[in-house]
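Chain residues, written in single-letter form:
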Amino acid sequence: MHLLSASCVRVFLWAALLHQASSLETVIGLYGETFEIPCNIGAIKSEDIVITKWKYDKGEGTPGDLLVKQQNQNVSISATDEYKGRIRLAANFSLLVSAAKLSDQRTFTCMVVAGADIAEYPVNVVIYKTAAGLEISDRAEELEIGKLTKLGTCVAKDSNPAANITWLKNNLPLQADGKGISIGASVLVNPATGLSTTTSTLEYSAQKEDADAEFTCSTQPTVGSELFSSPATFTITYSTENIVLQVAAQDPLVEGGNVTLKCVADGNPAPTAFNFHLKGELVKVENTNSYTITNVTRDASGEYKCSLVDDPTMGASKHIAVNYLDIDLSPSGNIVKNAGDALDLRLQIDASGDFQVSWKKDNVKLDKEPMFAELTYTDSGRYECEVKMGGISQKVFLELTVEGVPVIKRLSKQRGEDGRHKVLICEVEGSPKPAVSWSINGTLLDESPFVNGKITHKITVVPTANLTVSCTVSNEFGVDSRTINVSSHQSDDNDQTKLVVGVVVGLLVAAGVIGLAYLVYTKKSKQGSWKTGEKENGSSEEEKKLEEKVEENSQKAEV
């Protein structure tokens, strides 16, 4: 076995080949395969050739016979050495040599006899072999940043000429710079086969970005496509330079939630022990980089820190805020008040940030906070207050019921669609829900829902005579009643006001007539008294009767 540098072998080999190629035709053969050496007979016609002979140079000018072909005779093979059984003559007088090997790299000569002419045609043969493969061996277990470390060895086995190996990182070639990259190569020649094995060693000073880098080696054969090794990746080790404290919690973080603190260091391998500084309390964790605080309260707000156990100066901190929102409505829940009373609502809010307040009554949004200086039945309902702060929301409600004596707000009538029926409408306010009754039998047409202390009751009647109908409402707090006149005439106007005005005008006229008669009567009575001497008692009684009748008529006029 001979150990030569790759560069020396290549220079020696190619210098010899170039020298030969400058004067001789060169034929390339592939190792282990059959190659053909042409017999360049030039202008000589094949039928004029009498003898064709092939020989080769054994070295030091000593020829070796291979075969002879005489005209009209079979080929006579005279080879007795390494070419025995490996050669044959082609129809065009070329020499075919099988199982090419490196010892075939020599000069072969074709001698041709045509008539009286004898010519020789020497040909130089070169045998190439591509490396059996490329593999990176002796790989480093890890690479340390800034430290020149042997990354691995790339081997190209059994090639000719010797392989030229290139190292690549992420498919880009690496060049030795004497600092962070050092490449050494050697060639080992097998004396039995003459084939060369090239070994290349890469020493490399890694950087952080090399953590995912792929290293390969390649070679470009003289014949054929480029060869590549399988890629290799390496663990890059380096000391921690920076620490970040990460906080994992629901957003927003509220009381009762959990907070996970995670200490992330950029060293590789990563540290396995950390100190967590929890508002004056020191907690050490091992084989993990996180710590969880459960069921936090508003008192947990503040500054938190983590650091390395073996280097407390290497650390990071972060402020954590626990959001809270407390609201209180007074009074709240189910509240019952009397109509006319005042109700003082008080809303107290304790929040960790800015908030917004909104009110609803029976799911309808209000423009402002409700105020009750004097409660009415329409104030009854469900009031809901919602306070929002970021993603936090709190609600309180007030179910207000206003109670009191029922009051008939309006008693009216309408003509039915058929013209015969009359529709009587009694509109009532009060709470609890009043009971409604009529002084006349009728058909219930409609009763509205009892909402906010209001109810409307409708009946239909077919009057056969002029009537005075009363609507009476009552609950546990009292009773109210009102009357309305209903005419039997179909031409009766729908408007109650016109009926009342007509009655009032008629009664006023009647009262006027009676009053005038009373004055005349009184005057005559007095005159007669003077004449006849009657007592004044009789006249007083008559005056009293007339006054009572006038008063009665006046009351009817008011109705």
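From a predicted model like this one, the values you see are computed outputs, not experimental measurements.

Asks: Which residues make up the overall build of the chain, and what values do they have?
Replies: Along its length, the chain carries three helices and 40 strands. Within the chain, buried positions represent 36% of all 559 residues. For the chain, the accessible area works out to roughly 32,000 Å², and carbon and sulfur atoms hold 49% of it.

Asks: Describe in detail the side chain of Ser94, supporting the description with residues and values.
Replies: Summarising the element assignment, Ser94 is placed in the loop between β7 (87–89) and β8 (95–97). Within the local environment of Ser94, its side chain forms a polar contact with the side chain of Glu36, the two groups lying 3.1 Å apart. Among the polar contacts made by the side chain of Ser94, one reaches the side chain of Asn92 at a distance of 3.1 Å. For Ser94, the contacting residues outside a window of four places in its chain are Glu36, Ile37, Pro38, Cys39, Trp54, Arg88 and Leu89.

Asks: Mind laying out the nonpolar core, listing which residues take part and the relevant values?
Replies: Ranked by internal contacts, the top residues of the largest apolar core, which has 28 residues, are Ile37, Trp54, Leu66, Leu95 and Phe108. Of all elements in the fold, only β3 (35–37), β4 (51–59), β5 (62–70), β7, β8, β9 (107–114) and β10 (117–128) reach the threshold of two or more residues within this core. Not counting residues within four places of it along the chain, the set of residues in contact with Phe108 comprises Ile37, Trp54, Lys55, Tyr56, Leu66, Tyr83, Leu95, Tyr121, Pro122, Val123 and Val125. By size, the runner-up hydrophobic cluster in this structure holds 22 residues, among which are Ala131, Ala156, Phe215 and Ala232.

Asks: So what's going on with the state of the cysteines? Which residues, and what values?
Replies: Scanning the model with the defined rule gives four disulfides in all. Two residues, Cys154 and Cys217, share a disulfide whose sulfurs are 1.9 Å apart. Here the disulfide of Cys154 and Cys217 is right-handed, its torsion about the S-S bond being about 70°. Pair noted here: Cys154 is in strand β13 (residues 149–159) and Cys217 is in strand β18 (residues 215–219), with a separation of 63 residues, a long-range link. In this structure, Cys154 and Cys217 share a single accessibility class: buried. What pairs with Cys263 in a disulfide is Cys306, and their sulfur atoms sit 2.1 Å apart. Torsion about the S-S bond of the Cys263 and Cys306 cystine: about 75°, corresponding to right-handed handedness.

Asks: Break down the sheet that holds strand β22 (residues 259–265) for me, with residues and values.
Replies: Neighbouring strands of a sheet are bound in pairs by backbone hydrogen bonds; such pairs are parallel or else antiparallel. Taken together, the three strands give an open sheet; going across it, the order is β21-β22-β25, and neighbouring strands pair in antiparallel fashion. Strand pairing shows two members of the sheet lacking a second neighbour, β21 (243–249) and β25 (290–293), which therefore form its edges. Pairwise comparison of adjacent strand axes, ignoring direction, gives a mean angle of 20° for this sheet. For β21 and β22, the ladder comprises seven bridges, and the chain directions are antiparallel. Within β22, the residue paired with Ala249 across the bridge is Val259.

Asks: Let's hear about the pairing of strand β33 (residues 381–389): which residues, and what values?
Replies: With respect to burial, β33 is a largely interior element, seven of its nine residues being buried. Across six bridges, the pairing between strand β31 (residues 356–361) and β33 is antiparallel. Directly across from Trp359, in β33, lies its bridge partner Cys385. Relative to strand β34 (residues 392–415), β33 is paired through nine bridges, and the arrangement is antiparallel. Of the residues in β34, the one forming a bridge with Gly381 is Leu400. Hairpin geometry of β33 and β34 is characterised by an intervening segment of two residues between the two adjacent antiparallel strands and by a positive phi of about 60° at Gly390.

Asks: So what's going on with the packing of aromatic side chains? Residues and values would help.
Replies: A full pass over the atoms with the stated rule returns seven aromatic pairs. Relative to Phe234, the ring of Phe215 lies with its centre 5.8 Å away and its plane at 70°, an arrangement referred to as edge-to-face. Taken as a pair, Phe215 in strand β18 and Phe234 in the loop between β19 (227–228) and β20 (235–237) lie far apart in primary sequence, 19 residues in all. With respect to class, Phe215 is no different from Phe234; both count as buried. A connected cluster of aromatic rings, assembled from ring pairs, spans Tyr56, Tyr83 and Phe108.

Asks: Account for the side chain of Ser200, naming residues and giving values.
Replies: Take Ser200: it is sitting in strand β17 (residues 196–204). Judged by its relative accessible area of 1%, Ser200 falls in the buried class. In this view, Ser200 contacts Gly152, Thr153, Cys154, Ile165, Trp167, Ile183, Gly184 and Ala185; residues no more than four positions away in its chain are not counted.

Asks: Give a detailed account of the sheet that holds strand β40 (residues 478–486), specifying residues and quantitative values.
Replies: Across the sheet, which stays open at both edges, the three strands sit in the order β36-β39-β40 with antiparallel pairing between neighbours. On the outer flanks of this sheet lie β36 (435–438) and β40, each paired with one strand and no other. Looking at each pair of strands side by side, their axes are set apart by 20° on average, direction ignored. Across four bridges, the pairing between β36 and strand β39 (residues 467–475) is antiparallel.

Asks: Can you lay out the confidence of the model for the chain for me, pointing to particular residues and giving the numbers?
Replies: Mean pLDDT over the chain: 83, with 83% of residues reaching 70 or higher. Taken together, the stretch residues 1–22 has pLDDT below 50 and engages in 27 contacts with residues farther than four places along the chain or on a different chain. Below pLDDT 50 for its whole length, residues 492–505 participates in 19 contacts with residues either more than four positions away or in separate chains.

Asks: Which residues make up the environment of Val112, and what are the values?
Replies: Topologically, Val112 is positioned in strand β9. When the C-alpha atoms of Val112 and Ser46 are compared, they prove to be 10.0 Å apart, with 66 residues separating the residues in sequence. Discounting residues that sit within four places of it in the chain, Val112 has contacts with Cys39, Ile41, Ile44, Ile49, Ile51, Asp117, Ile118, Ala119 and Tyr121.

Asks: Any details on the pairing of β22? Residues and values, ideally.
Replies: The side-chain alternation of β22 yields one buried face, formed by Val259, Leu261, Cys263 and Ala265, and one unburied face, formed by Thr260, Lys262 and Val264. Bridge count for β22 against β25 is four bridges, and the pairing is antiparallel. Pairing of Val259 across the sheet is with Ile293, part of β25.

Asks: Describe the pattern of salt bridges, naming the residues involved and giving the relevant values.
Replies: The final tally for this structure, using the stated rule, is 18 salt bridges. Of the charged contacts, one joins Glu82 and Lys101 as a salt bridge, the two residues approaching to 3.8 Å between their closest N and O atoms. Taken together, the positions of Glu82 in the loop between β6 (75–77) and β7 and Lys101 in the loop between β8 and β9 put the pair 19 residues apart, joining distant regions of the chain. Across the salt bridge formed by Arg298 and Asp326, the nearest N and O atoms sit 2.8 Å from each other. Taken together, the residues span a long stretch of sequence, with Arg298 in the loop between β25 and β26 (302–308) and Asp326 in strand β28 (residues 325–330) at a distance of 28 residues. Taking relative accessible area as the criterion, Asp326 reaches 34% and is therefore assigned partly exposed. If you follow the salt bridges from partner to partner, you end up with Glu255, Arg298, Asp326 and Asp350 in one network.

Rules behind the numbers
- Residues numbered from 1 in each chain as written.
- Predicted model: local features only at pLDDT ≥ 70, side-chain atom pairs only at ≥ 80, totals over all residues.
- Heavy atoms only, no water.
- Helix = DSSP H or I, 4+ residues; strand = E, 2+ residues; numbered from the N terminus.
- Buried < 20%, exposed > 50% of the residue type's maximum accessible area, 1.4 Å probe, protein only.
- Areas by Shrake-Rupley, 256 points an atom, 1.4 Å probe, with all protein chains shown as cover.
- Polar contact = N/O pair within 3.5 Å; in protein donor to acceptor, adjacent residues only side chain to side chain.
- Contact = heavy atoms within 4.5 Å.
- Core = buried A, V, L, I, M, F, W, Y, C linked by side-chain atoms within 4.5 Å.
- Disulfide = S-S within 2.5 Å.
- Pairing = 2+ DSSP bridges.
- Axes fitted to C-alpha atoms, helices over the stretch in contact; angles between N-to-C directions.
- Phe/Tyr/Trp six-rings, centres within 6.5 Å; stacked < 30°, edge-to-face > 60°.
- pLDDT = per-residue confidence, 0-100.
- Salt bridge = Lys/Arg side-chain N within 4 Å of Asp/Glu carboxyl O.

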